[in-house]
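Next come the chains, spelled out residue by residue.
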Protein chains: 12
Amino acid sequence: MSSILVINGPNLNLLGSREPGVYGTTTLEDIERLCAETAGRCGLQVACFQSNHEGAIIDAIHDARDRHRAIVINPGAYTHTSVAIRDAIAGVGLPAIEVHLSNIHARERFRHHSHIAPVAVGQITGLGPKGYVLAIEALADIINKGG
Amino acid sequence: MSSILVINGPNLNLLGSREPGVYGTTTLEDIERLCAETAGRCGLQVACFQSNHEGAIIDAIHDARDRHRAIVINPGAYTHTSVAIRDAIAGVGLPAIEVHLSNIHARERFRHHSHIAPVAVGQITGLGPKGYVLAIEALADIINKGG
Amino acid sequence: MSSILVINGPNLNLLGSREPGVYGTTTLEDIERLCAETAGRCGLQVACFQSNHEGAIIDAIHDARDRHRAIVINPGAYTHTSVAIRDAIAGVGLPAIEVHLSNIHARERFRHHSHIAPVAVGQITGLGPKGYVLAIEALADIINKGG
Amino acid sequence: MSSILVINGPNLNLLGSREPGVYGTTTLEDIERLCAETAGRCGLQVACFQSNHEGAIIDAIHDARDRHRAIVINPGAYTHTSVAIRDAIAGVGLPAIEVHLSNIHARERFRHHSHIAPVAVGQITGLGPKGYVLAIEALADIINKGG
Amino acid sequence: MSSILVINGPNLNLLGSREPGVYGTTTLEDIERLCAETAGRCGLQVACFQSNHEGAIIDAIHDARDRHRAIVINPGAYTHTSVAIRDAIAGVGLPAIEVHLSNIHARERFRHHSHIAPVAVGQITGLGPKGYVLAIEALADIINKGG
Amino acid sequence: MSSILVINGPNLNLLGSREPGVYGTTTLEDIERLCAETAGRCGLQVACFQSNHEGAIIDAIHDARDRHRAIVINPGAYTHTSVAIRDAIAGVGLPAIEVHLSNIHARERFRHHSHIAPVAVGQITGLGPKGYVLAIEALADIINKGG
Amino acid sequence: MSSILVINGPNLNLLGSREPGVYGTTTLEDIERLCAETAGRCGLQVACFQSNHEGAIIDAIHDARDRHRAIVINPGAYTHTSVAIRDAIAGVGLPAIEVHLSNIHARERFRHHSHIAPVAVGQITGLGPKGYVLAIEALADIINKGG
Amino acid sequence: MSSILVINGPNLNLLGSREPGVYGTTTLEDIERLCAETAGRCGLQVACFQSNHEGAIIDAIHDARDRHRAIVINPGAYTHTSVAIRDAIAGVGLPAIEVHLSNIHARERFRHHSHIAPVAVGQITGLGPKGYVLAIEALADIINKGG
Amino acid sequence: MSSILVINGPNLNLLGSREPGVYGTTTLEDIERLCAETAGRCGLQVACFQSNHEGAIIDAIHDARDRHRAIVINPGAYTHTSVAIRDAIAGVGLPAIEVHLSNIHARERFRHHSHIAPVAVGQITGLGPKGYVLAIEALADIINKGG
Amino acid sequence: MSSILVINGPNLNLLGSREPGVYGTTTLEDIERLCAETAGRCGLQVACFQSNHEGAIIDAIHDARDRHRAIVINPGAYTHTSVAIRDAIAGVGLPAIEVHLSNIHARERFRHHSHIAPVAVGQITGLGPKGYVLAIEALADIINKGG
Amino acid sequence: MSSILVINGPNLNLLGSREPGVYGTTTLEDIERLCAETAGRCGLQVACFQSNHEGAIIDAIHDARDRHRAIVINPGAYTHTSVAIRDAIAGVGLPAIEVHLSNIHARERFRHHSHIAPVAVGQITGLGPKGYVLAIEALADIINKGG
Amino acid sequence: MSSILVINGPNLNLLGSREPGVYGTTTLEDIERLCAETAGRCGLQVACFQSNHEGAIIDAIHDARDRHRAIVINPGAYTHTSVAIRDAIAGVGLPAIEVHLSNIHARERFRHHSHIAPVAVGQITGLGPKGYVLAIEALADIINKGG
């Protein structure tokens, strides 16, 4: 069964456990469970990975080459600063969709630019946890067409 | 039954009828049919509108206030040049999702910036016609929560 | 009797009819009535025009050449994006005053620059509907001096 | 007989009828007559179109696909602001030459950049009505080579 | 009786006394008399202050807190360079309208930006001495509403 | 006994006397008293100076050469606009520490840059009146080492 | 007893052990001892952490949530490049003071901007090891007020 | 008989002799012959000059003052870097038309700007060798009108 | 006998009295004496004025209208920040030459731009006290021609 | 025997194992073997290190101080984003040469700038694996001269 | 007897022989004669050189090393584009003064910046032929002090 | 036997003959001898060319087409200003390596950008005369592979 790697970048481990009034009570675990359910509905498996380390995210992308068919990535703040993650995604050649919980285009100017998006298939922003669901659905289509 | 307005901006009427080797054979009509099917599946109606006129798109957004619960908009080239469409969306106060068939972040630099995105709920780019499907699914969630 | 054309640009038709808590209850009709009263007090006539279409505003400016002695224009969002309206005003050669209800210099950076102002006689911003009153008074002076 | 569409953008309808001391006494009609004569000399037909509406110009470009072999376009102020007209020209795939009566490179800085030129065959500026004549002659060559 | 402080910044003391062919024969005294008349008509008093010293203008703004209800300010060249005057106006919390005799948006690029405007109620430019009249009328409205 | 000059720039005389809900109730006098106490504790004297005049601040810095061993300066808005104060500090050669009550790096972009900081020993921002205390303690160390 | 986390970023482990003629002979251990002494004097504990890894610094900030009341951070070169550390500090919500041994505003232009400062309470630069002492004193005040 | 100087700048001597698959087989000699034919048809003479030396091109422009009535110039790469050639053309006061074989507006960004165009009558780009023909025709008109 | 006003701006009073190893031992008094000698040699009088206050310099320029025929000004740091001094010089209409002791074009980037130079007759930089001598000689020529 | 540390940054572990048609079949191991051979030929030893972690690369540079005489570094994507690696190299004071397999100056604009190069001895780009050979030869010269 | 080289750059050979109403009737020969007279008065010789070729000017600067003691240079348009002339002047180490007939700071923006000035002793602009006289007088002083 | 052209640009003829304390005592002749030795070792011939004239360098590149197999070029200051040399190298299609004696990335900002590098095979900077040796070795490899 085909598998997708879901990568969450820096600070996303804080989700839900703090300031629920602001960020809602959805935790990273909730999002990962949602991803697993969506993938199951699409006949896919998911593996989930979170790290605050740019290098660890790159390592995970490299490892995905032989284990996964596609990548969902919320690069968090590395979206705006990491050329290395961009090169990793371009290097392994797996289709990737970039997801952001918030609408980065409505936030500070330095969050408008993504180093990752130009090498991704596409980008989904502002739709909260639903963005992960939609990304997996879209990748399922791509995997099925490619299959 | 709640209804969503799907707006397609300039040059999207050309889709599919020309250079199928480049843009695929999906026509605007195909996309509009796909939107109707998706909406039906979500218990929603859609109305579809395409225009090459910035003013006509603004008029359509104004008219949507009393007729629709949400907007899917692919503003085409007006994404990058129209503050007036931005103000129209902000003015009517309906939740809107911006969709682009291509990955605008991977194209010319002047296509990276969206005047519309900061007043939209979110943006979906690069996923082809599937982007419209995902946008309607996400708006269905928002309408249901709000309902 | 000399006449002034009052042009309101995109989204100004929404005034007052929505979100009165935010924008007040003054409607576009109220502003147009205020313009007529002011003009009457100054011995002038006014014609009022609103459109969300850049091209229609240009057409109206062209038509003003033989019918009006001056122009009050609130170009709305086209202030920041329309070189064509600028050229229309410069082309017909009528004295024009640019009016904005809000203080555009206190809003987002992209609203600070006006393409229109350099070819207008002057600009009045931030004074609400009163700005139209003052613009008509100032144009009455100019018409009288010129007469 | 092959046909060329000559498009004139915003404010070009004002030509000649106003400030003849500044702009000369050549009217838009004179230019269109000159285009017809030149085309006839080259064994071509021309259709002429002028509009102040960006959307109407896009519609006209779309319509040209099945009726014309090439386009001469003086986009006026839309030269500097319209990505949508650019995309229309690129979309229909007809060879187009951009013409400007004045030397835009000698005017205000914001008139130096053309959104249209990168998708046109070429650009002719500063040569007055003669620019249209030269553009038609050049397109006649291209049509003949392509024929 | 409510009072308004009219502040004129650097070089405005030169008005009228030099190059009447260029700047007209209106002197600063004429403008101040015009302000007094307008204020009288509106049931207000004015105090007039001119200085070429940034610090003296700040001192005057501070002093206005307990003596005046509103400020008309033509900051002259300090418009473009003084963050300190901006902070003074924001600090005392009186409603202020920025006036410029000339249309600063039609002059050199460095005159387009105002440090003061974002903390003022609004800005009136290009209307000559009439701009002061209009500013006082507008402040009269604000004072009366606030009263 | 060694002495330090404490300079407060434009608008800092407004502190505490207005909008206590926003700025707190600490007045400039409170801060100057705090400076005196801190200096006393460090075996130093302080002289305090406040002015809204850039030139007066420069004069004060020049006068400090023969009377003081170090300078604490909160240049207020002149931080961002005064090359002349910068040159004065560099010219007299006394060690200076720049202090800001608020965190200027979290405010408007034009407040992030300091003309003064490059010629100061260092900068303390965002710590309220405590910033003056810390600056004096740090200068005490420097004076003692230099002594 | 309340505790403060002192974080030192990349290359600060090199302090003192190399080029003592340039950087002085103060080592990181000296600074950490100075922090402990200062904290003790203020009735606080400190934990000290140094890493050259951006991710490890983020992990340490996350861990601080339940163990410390405040953070002193010298982010070294990550000051200028790490949005992720900024988001970590904003995310855990602890008051943080940014410290730099050198006066970053007097060095290369790219060292003038801090990603961290806008989410910190304040910034202390250029005061050498004393900066840490002052930061702890300031945080002690904040903790005591907050307590 | 009136004469025109045709100047070709750096690297244009390489035309046609290399990479015919890319640049076509038209040589500089072919272009110069085409210019002579066109001029003959217009009752004019041409002199042709090519150099890779900026200084030699300036010398040639100076020499043209007493020998020629107009200039056709393809400045090649000096278009983008030579203020000196610009000043030479402005200095001799002959009408000049700038020609480029390729569409410089569709190439690298640094090729979009011309130092020469602002002092030329106009610019023709992207029309290949035909551009020279059109330039000579346009100059013939100008010479005849001036004659 | 015609008279010239020599204005020295902020910090120039420090000259020579401090750091003679760096700035030389020439004092402001020496420069003023040199100016007087040069003027005498040219049959002119000089008045010398120094101030650290921007406003006082503007006042002095205004006063010069009726007393002097020309101005030599070393605006010091106000060169780079004062639009108000620029407007004062333009306003009084006296020929002015800007002098700088050091070569401002070889110093920090922010010292390269002069607000004053565009309204001066010319600028002399980098020639030390000799620059004042040359400026007076040049103004003597201008006064004599104008006389 | 003197030793050189060869550092390869993020994604360079992917070399050769993927897309041989694009990147060739040279693997990182091949490059490291080539380095060893070259070093041997020059009478030097090499140690090779690759990591995708910025922090690990900094650690390795620190460790090199006591073990190696020079550094060859291909910082990969960190070239463009890592001030921390720059500071590490400057901090340890070993001569370093920056190597890139591809010609970064011919790639995307954001790859033209190197944070590392200003603190390196020099930079070699575009010469493929040969670049490492040349860097070692150059460092051998430097070590021998220094020896 | 010490000698000075006077270099005039591109287009300065056109002086006086054309458009005397605009540029005056002073020719390059007049300026060179003026230079010779001034030099004679100062006990110096001059050699004069004019070229439109950047390379020839560099050659002349190199040749000056063994023949001249100082350089007066009006680099014309090369002021703004030639790093090579800058490096030549820095390379030969002779004191040089840059002269411009017109006030380049009052002309187009691209003429404000000089590549040469940072390596010259100073710059004299806007004083017409007198600028050469003053430059020679200043260099005479420098030569005499150095002698 | 294959041959390489070694081009040295402006001011490189000054090497070694001046300021040996700064630039070393290596002359251009030494570098050219080193190039010949290296080439001989690689079984290649070299021809060496130096000029201060941009046009002469372009001529030399053109002439190299039929005589040489590759180019080593140190364009000196033309690196940063010459699009024409770039186009010459691209035009002749020979593999070229750009060499700089100094580390241009560590010098003034305007020396960081190379117009030439994007069309070269690669760039070697900062390695002194050794850079020429390495460039020839690398080109020998390329020639041998190509042969």
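Going along each chain's sequence as written, the residues are numbered from 1 onward. Note on labels: chains are lettered from A, ligands numbered from 1, in written order. The predicted origin of the model limits local features to residues at a pLDDT of at least 70 and limits the giving and counting of side-chain atom pairs to 80 or more, whereas totals for whole chains, interfaces and linings rest on all residues. Note that the side-chain values use all heavy atoms of the structure and ignore hydrogens as well as water.

1. Things to note about the relation of the copies chain A and chain B
Condition: When the copies are superposed, the least-squares fit draws on C-alpha atoms of residues that have pLDDT of at least 70 in both. Here a residue-residue contact requires only that any non-hydrogen atoms of the pair lie within 4.5 Å.
For these two chains of identical sequence, chain A goes onto chain B by a turn of 180° and a shift of 0.0 Å along the axis, with RMSD 0.0 Å. What the rotation and shift describe, once combined, is the action of a two-fold rotation axis. Within chain A, Ile124 of chain A has its C-alpha nearest the rotation axis, a separation of 2.2 Å. When the interface residues of chain A are mapped onto chain B, 100% of them are again interface residues, pointing to one common binding face.

2. A few points about the interface of chain A and chain B
To keep it simple, the criterion reads: When two parts are put together, the accessible area they lose, computed with a 1.4 Å probe and summed over both, is reported as buried area. Each salt bridge in this description consists of a side-chain nitrogen of Lys or Arg and a carboxyl oxygen of Asp or Glu lying within 4 Å of one another. Between N or O atoms, a polar contact is any pair within 3.5 Å; within protein, one atom must be a potential hydrogen donor and the other a potential acceptor, and residues adjacent in sequence are included only when both atoms are from side chains. Secondary structure counts use DSSP, requiring at least four H or I residues in a row for a helix and at least two E residues in a row for a strand, with both numbered from the N terminus. Residue polarity is assigned by list, with Asp, Glu, Lys and Arg as charged and Ala, Val, Leu, Ile, Met, Phe, Trp, Tyr, Cys and Pro as nonpolar; anything else, Gly included, falls into the polar class. DSSP bridges decide pairing: two strands pair if at least two such bridges lie between them.
Listed by partner, the interface residues are 19 residues for chain A and 19 residues for chain B. Summed over both partners, the interface of chain A with chain B comes to about 1,600 Å²; 56% of that surface belongs to carbon and sulfur atoms. Our enumeration of links across chain A and chain B arrives at two salt bridges. The salt bridge involving Lys130 of chain B is made with Asp141 of chain A; its shortest N-O contact spans 3.4 Å. Put simply, chain A and chain B have ten residue pairs in polar contact (both at pLDDT 80 or more) between them. For the side of chain A that touches chain B, the elements supplying multiple residues, two or more each, are β5 (122-125) and α6 (130-146) of chain A. Taken together, the residues of the side of chain A that touches chain B break down into ten nonpolar, six polar and three charged. Bridge count between β5 of chain A and strand β5 (residues 122-125) of chain B: three bridges; the pairing is antiparallel.

3. Describing the environment of Ile73 of chain F
Residues and elements named next belong to chain F. Selection criterion: Burial status follows relative accessibility: with a 1.4 Å probe on protein chains alone, a residue under 20% of its type maximum counts as buried, one over 50% as exposed, and anything between as partly exposed.
In this fold, Ile73 is placed in strand β3 (residues 70-74). By relative accessible area, which is 1% here, Ile73 ends up buried. Residues Ile73 and Pro95, spaced 22 residues apart in sequence, show a C-alpha to C-alpha distance of 11 Å.

4. Thoughts on the packing of helix α3 (residues 54-64) of chain I against helix α5 (residues 83-92) of chain I
Residues and elements named next belong to chain I. The criterion, for reference: Here an axis means a line fitted to C-alpha atoms, over the contact stretch when the element is a helix, while the angle between two N-to-C directions is reported on a 0 to 180 degree scale. Small angles under 35 degrees read as roughly parallel and large ones over 145 as roughly antiparallel, with 65 to 115 read as roughly perpendicular and the rest as oblique.
Remark: α3 packs on α5, axes separated minimally by 9 Å, with the N-to-C direction vectors making an angle of 5°. One way to sum up the angle between α3 and α5 is to call them roughly parallel. Residues Glu54, Ile57, Ile58, Ile61 and His62 of α3 pack against Ala84, Ile85, Ala88, Ile89 and Val92 of α5. Per-class residue counts for the contact of α3 with α5 are eight nonpolar, one polar and one charged.

5. Quick look at the interface of chain L and chain H
Counting residues at the interface gives 16 residues for chain L and 16 residues for chain H. Taken over both partners, the interface formed by chain L and chain H buries close to 1,400 Å², and the fraction arising from carbon and sulfur atoms is 49%. Of all residues in chain L, His62, Arg65 and Val83 of chain L bury the most surface against chain H, accounting for 33% of the area lost on that side. Where chain L packs against chain H, one counts two salt bridges. Between Glu108 of chain H and Arg86 of chain L there is a salt bridge, with its nearest N and O atoms 3.5 Å apart. Applying the counting rule to chain L against chain H returns six residue pairs in polar contact (both at pLDDT 80 or more). Elements supplying a minimum of two residues to the side of chain L that touches chain H: α3 (54-64) and α5 (83-92) of chain L. If one sorts the elements of the side of chain L that touches chain H by residue count, α5 of chain L sits on top with seven residues.

6. Side note on the confidence of the model for chain A
What counts is decided by this rule: One confidence number per residue, pLDDT, is output by the predictor and ranges from 0 to 100.
For chain A, the average pLDDT comes to 94, and 95% of its residues sit at 70 or higher. Of the two predicted TM-score estimates for the complex, the pTM is 0.96 and the ipTM is 0.95.

7. Details of the relation of the copies chain L and chain H
At an RMSD of 0.0 Å, chain L and chain H line up after a rotation of 120° and a shift of 0.0 Å along the axis. This pairing of chains is accounted for by a three-fold axis. Of the C-alpha atoms belonging to chain L, the one lying closest to the rotation axis is found on Thr81 of chain L, 4.1 Å away. Looking at the interface residues of chain L, only 12% of them are also at the interface in chain H, so each copy uses its own face.

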